[in-house]
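# Commentary on secondary and tertiary structure
Listed below, chain by chain, are the residues.
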Amino acid sequence: MFTTNLGSIDRLIRIFVGALLIGLTLAGTIGAWGWIGVIPLVTGLIGSCPLYKIFGLSSCPLKKQ
């Protein structure tokens, strides 16, 4: 369904930033805009970014043939 276009470092950064934003929102430190953290969290967990696909980008390492 989704093609993987995120490398491991990109995925880890997205998961960390997403979880951090959601955690700060739940703690009341930042406003409701922190729920935007759901987007990087989900894309990091599934390993696919729709915007990368639209623009033809990928942070996955090249496969050796």
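See the structure printed just above.
So, here's what we can say about the structure.

Thresholds applied
Residues numbered from 1 in each chain as written. Predicted model: local features only at pLDDT ≥ 70, side-chain atom pairs only at ≥ 80, totals over all residues. Heavy atoms only, no water. Helix = DSSP H or I, 4+ residues; strand = E, 2+ residues; numbered from the N terminus. Buried < 20%, exposed > 50% of the residue type's maximum accessible area, 1.4 Å probe, protein only. Polar contact = N/O pair within 3.5 Å; in protein donor to acceptor, adjacent residues only side chain to side chain. Contact = heavy atoms within 4.5 Å. Salt bridge = Lys/Arg side-chain N within 4 Å of Asp/Glu carboxyl O. Patch = residues over 30% accessible without salt bridge, like charges linked within 9 Å, V, L, I, M, F, W, Y side chains within 5 Å. Areas by Shrake-Rupley, 256 points an atom, 1.4 Å probe, with all protein chains shown as cover.

### As for the side chain of D10
Positionally, D10 belongs in helix α1 (residues 8-26). The buried category is assigned to D10, whose relative accessible area is 16%. A polar atom in the side chain of D10 sits 3.0 Å from the side chain of S59. The residues contacting D10, other than those within four sequence positions of it, are Y52 and S59.

### Re the pattern of salt bridges
One side chain can pair with another of opposite charge once the charged atoms of both are near each other. Applying the stated criterion across every chain yields a total of one salt bridge. Across the pair R14 and D10 runs a salt bridge whose closest N-O atoms are separated by 3.0 Å. Pair noted here: R14 and D10 are both in helix α1, with a separation of four residues, about one helical turn. Side by side, R14 and D10 carry an identical accessibility label, which is buried.

### Things to note about a nonpolar patch on the surface
Taken together, the side chains of F2, L26, W35, V38, V42, L45 and I46 present a nonpolar region at the surface, about 680 Å² in accessible area. Looking at which element gives the most residues to the nonpolar patch, the answer is helix α2 (residues 38-46), with four residues. By the element assignment, I46 lies in helix α2.

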